[in-house]
Amino acid sequence: MNRIKSIDGLRAISIVMVLLAHARPTMPRILTDHFFFDFIANAALGVRIFFVLSGYLITKILIIEEAKTGFINIRHFFVRRILRIFPIFYLYILVVVLLKISHIPNIIDKISDVVPALFYLWNYKFLWVDTSGNANWFLGHFWSLSMEEQFYLLWPFAFAIFYSKNSGSLFLRVLVAVIVLMPVLRVMTYFLMSDNRGQIGWMLHTGGDSILIGCLGALVEKTERFRSVFVHYLSNKWLVGFTLIFLFVVSPILSISFGGSYHLPFGISLDNIFILILVFWIMYVPTLFAKFLDHKVMVHIGILSYSLYVWQQIFLTDIHKYWFNLFPQNLIIVFLVGFFSYYVIEKPILGLKKKLKPAAAKNSVDIPVV
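Residues numbered from 1 in each chain as written. Predicted model: local features only at pLDDT ≥ 70, side-chain atom pairs only at ≥ 80, totals over all residues. Heavy atoms only, no water.

**Some words on the overall build of the protein chain**
Right, so step 1: Tallying secondary structure elements over the protein chain gives 18 helices and 0 strands in all.
Right, so step 2: What you see for the protein chain is a C-alpha radius of gyration of 20 Å, in line with the 21 Å of a compact globule of 370 residues.
Right, so step 3: Projected onto the principal axes, the alpha-carbon positions of the protein chain cover approximately 60 × 45 × 45 Å.
Right, so step 4: In the protein chain, 78% of the contacts between residues at least 6 apart in sequence involve partners at least 24 apart.
Right, so step 5: By element, 70% of the accessible surface of the protein chain is carried by carbon and sulfur atoms, the whole surface being about 16,900 Å².
Right, so step 6: Separation between the mean location of the 32 positive side-chain charges and that of the 19 negative ones in the protein chain comes to 8 Å. (Helix = DSSP H or I, 4+ residues; strand = E, 2+ residues; numbered from the N terminus. Rg over C-alpha atoms; globule rule 2.2 N^0.38 Å. Contact = heavy atoms within 4.5 Å. Areas by Shrake-Rupley, 256 points an atom, 1.4 Å probe, with all protein chains shown as cover. Lys, Arg positive; Asp, Glu negative; His and termini not counted. Charge placed at Lys NZ, Arg CZ, Asp CG, Glu CD.)

**Looking at helix H4 (residues 43–69)**
Right, so step 1: For H4, built from 27 residues, the straight-helix expectation of 39 Å at 1.5 Å per residue is met to within 8% by its first-to-last C-alpha distance of 39 Å.
Right, so step 2: Counting buried positions along H4 gives 23 out of 27 residues, so the element sits mostly inside the fold.
Right, so step 3: Gly70, located one to two residues past H4, shows a positive phi value of around 85 degrees. (Expected span 1.5 Å × (residues − 1). Buried < 20%, exposed > 50% of the residue type's maximum accessible area, 1.4 Å probe, protein only.)

**Describing the nonpolar core**
Right, so step 1: Among the nonpolar cores identified, the biggest contains 110 residues, and Tyr92, Leu139, Phe142, Phe151, Trp155 and Phe159 are the most heavily contacted of them.
Right, so step 2: Looking at this core element by element, the count peaks at 13 residues for H4.
Right, so step 3: Not counting the four nearest positions on each side in its chain, Phe142 is found in contact with Phe89, Tyr92, Ile93, Ala117 and Trp122. (Core = buried A, V, L, I, M, F, W, Y, C linked by side-chain atoms within 4.5 Å.)

**Brief notes about the packing of aromatic side chains**
Right, so step 1: By the definition in use, this model includes 38 aromatic pairs.
Right, so step 2: Ring centres of Phe89 and Tyr120 lie 4.2 Å apart, and the angle between their planes is 15 degrees; this geometry places the pair in the stacked category. Of the two residues, Phe89 is situated in helix H5 (residues 74–102) and Tyr120 in the loop between helix H6 (115–118) and helix H7 (135–138); the sequence distance between them amounts to 31 residues.
Right, so step 3: Residue classification places Phe89 among the buried residues on the basis of a relative accessible area of 0%.
Right, so step 4: Three or more aromatic residues joined by ring pairs make a cluster, and in this case those are Phe77, Phe78, Phe151, Tyr152, Trp155, Phe157, Phe159, Tyr163 and Phe171.
Right, so step 5: The side chain of Arg81 reaches across the aromatic face of Tyr152, ending 5.5 Å from its centre. (Phe/Tyr/Trp six-rings, centres within 6.5 Å; stacked < 30°, edge-to-face > 60°. Lys NZ or Arg CZ within 6 Å of the ring centre and 35° of its normal.)

**Details of helix H14 (residues 260–284)**
Right, so step 1: Here H14 spans 34 Å end to end across 25 residues, near enough to the 36 Å set by a 1.5 Å rise per residue.
Right, so step 2: At Phe266, H14 is bent by approximately 50 degrees, the largest bend along its length. (Bend = angle between axes of the 7 residues up to and from the residue.)

**A short note on the confidence of the model for the protein chain**
A low pLDDT means the predicted coordinates there should not be read in detail.
Right, so step 1: In this model, the protein chain carries an average pLDDT of 90, and 94% of its residues clear a pLDDT of 70 or more.
Right, so step 2: Model confidence for the protein chain, summarised as mean pLDDT per element, is weakest for helix H12 (residues 224–234) at 82 and strongest for helix H17 (residues 305–311) at 98.
Right, so step 3: Across residues 359–370 the pLDDT falls below 50, and counting only partners more than four positions away or on other chains, this stretch makes 56 contacts in the model. (pLDDT = per-residue confidence, 0-100.)

**Here we look at the side chain of Asn325**
Right, so step 1: For Asn325, the position within the fold is in the loop between H17 and helix H18 (329–355).
Right, so step 2: Given the relative accessible area of 2%, Asn325 is considered buried.
Right, so step 3: The contacts of Asn325, once residues within four sequence positions are left out, are Thr26, Ile314, Phe315, Thr317, His320 and Asn330.

**Let's talk about the packing of helix H11 (residues 209–221) against H14**
Relative orientation and spacing of two packed helices are given, respectively, by the angle between their axes and the distance between those axes.
Right, so step 1: Close contact between H11 and H14 brings their axes to 10 Å; oriented N to C, the two are set at 40 degrees. Comparing the axis directions of H11 and H14 gives the class oblique. With respect to the hand of their crossing, H11 and H14 are arranged in right-handed fashion. Residue-level inspection shows Asp209, Ser210, Ile213, Gly217 and Glu221 of H11 in contact with H14, the latter providing Ile268, Ser269, Asn272, Ile273, Leu276, Phe280, Met283 and Tyr284.
Right, so step 2: Its residues assigned to classes, the contact of H11 with H14 shows 7 nonpolar, 4 polar and 2 charged. (Axes fitted to C-alpha atoms, helices over the stretch in contact; angles between N-to-C directions. Parallel < 35°, antiparallel > 145°, perpendicular 65-115°, else oblique. Left-handed = near helix turned anticlockwise from the far one by under 90°. Nonpolar A, V, L, I, M, F, W, Y, C, P; charged D, E, K, R; others polar.)

**Overview of a nonpolar patch on the surface**
Right, so step 1: Nonpolar side chains collect at one region of the surface, where Val115, Phe119, Leu121, Leu127 and Trp128 lie side by side and expose about 510 Å² of accessible area between them.
Right, so step 2: Tracing the chain through its elements places Phe119 in the loop between H6 and H7. (Patch = residues over 30% accessible without salt bridge, like charges linked within 9 Å, V, L, I, M, F, W, Y side chains within 5 Å. Salt bridge = Lys/Arg side-chain N within 4 Å of Asp/Glu carboxyl O.)

**Quick notes on the pattern of salt bridges**
Right, so step 1: One pass over the structure, following the stated rule, counts 9 salt bridges.
Right, so step 2: In this structure, the salt-bridge partner of Asp8 is Arg11, at a minimum N-O distance of 2.9 Å. Of the two residues, Asp8 and Arg11 both sit in helix H1 (residues 5–23), 3 residues apart, roughly one turn of that helix.
Right, so step 3: For Asp8, a relative accessible area of 0% puts it in the buried group.
Right, so step 4: Arg11 sits in the buried class, given a relative accessible area of 2%.
Right, so step 5: The shortest N-O distance in the salt bridge between Asp113 and Lys110 comes to 3.3 Å.
Right, so step 6: With a relative accessible area of 11%, Asp113 lands in the buried category.

**Focus: the environment of Pro348**
Right, so step 1: Inspection of the secondary structure assignment puts Pro348 in helix H18.
Right, so step 2: Each C-alpha atom, one on Pro348 and one on Phe292, is 29 Å from the other, the two residues being 56 residues apart in sequence.

**Some remarks on the environment of Trp143**
Right, so step 1: When you line up the elements, Trp143 lands in helix H8 (residues 142–162).
Right, so step 2: For the pair Trp143 and Leu204, spaced 61 residues apart in sequence, the C-alpha to C-alpha distance is 9.9 Å.
Right, so step 3: Leave out the neighbours within four places in its chain, and Trp143 touches Val47, Phe51, Trp122, Asn123, Gly201, Trp202 and Tyr309.

**Points about unusual backbone geometry**
Right, so step 1: In this model, Phe327 is joined to Pro328 through a cis peptide bond whose omega is 10 degrees.
Right, so step 2: Within the secondary structure, Pro328 is located in the loop between H17 and H18.
Right, so step 3: Phi angles above zero are rare outside glycine, and Tyr120 is one such case at about 55 degrees.

Here it is as structure tokens:
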């Protein structure tokens, strides 16, 4: 499977939404008080798009590998994930520690604040660690990377053990059941853990359906019914128009208006479904929007999205008033650092990753990990 440019373009839109939301406290109010800013700076939707893409792409690669080789090489899977994720992730943590020791003592309260991040447990750390302090900004974005890493630890084993040509349909039904159960777990958590309601979407068992819906999409896509029925509906302009309006306008309004009473039982699930429809639409239906996503600038931003996501917290904050925290240079610096991070550090390491791909996965798409 060759690299899908439109997906990189969608990742570009997602990372821009996240960056604008995080930069908001540093931006002039004449920009942020505008009615449309809340819709274009929707970090929650941006991250959820990344989750759906991750589930879809990782499962797509596993399906291709299983079909061509007859098995899933778990060891190679984890080596490739480590080479993709770990270098920049741990370099960022090292930089935060060095900044605390040298120039910015209050970037985190104490060195031990980094421990939950080191072990990809940030999304559960509120269960045993104080959630106050600056670390919750400068390391706080690692909740999403923690959820993804926890998913990576479980999904390839579940896929390798339970998925096959004979058991695929059962595997699909179980996956649907788990996805349907997630909103119930969110509502239960809301009432049983009232002090931690703000973290409900962080945990794998309450927010992981955003990733799993992408996995489901990859499994459904390979079925005959998908190609004979669903692809036909993707060309329906009314379905696509409603999808875009719902995701970028209606859903944010409902979430703001009704909060958790809408978002937890219904909103997240509806977003997941419509994001998957959007992903299929940009892949299967040639449109001006898909052409826009295919533009080399959008594709390049999408390729840089992981680097941008990891490094942006240092710059997009009003906690400190250094020159690199001031708008607009903070956004410019984020892109410069992301560019440097990708081409000087990540890309050479990704060369090693490609050498470790099994024959079935050669030339396959790189997996977004935000």
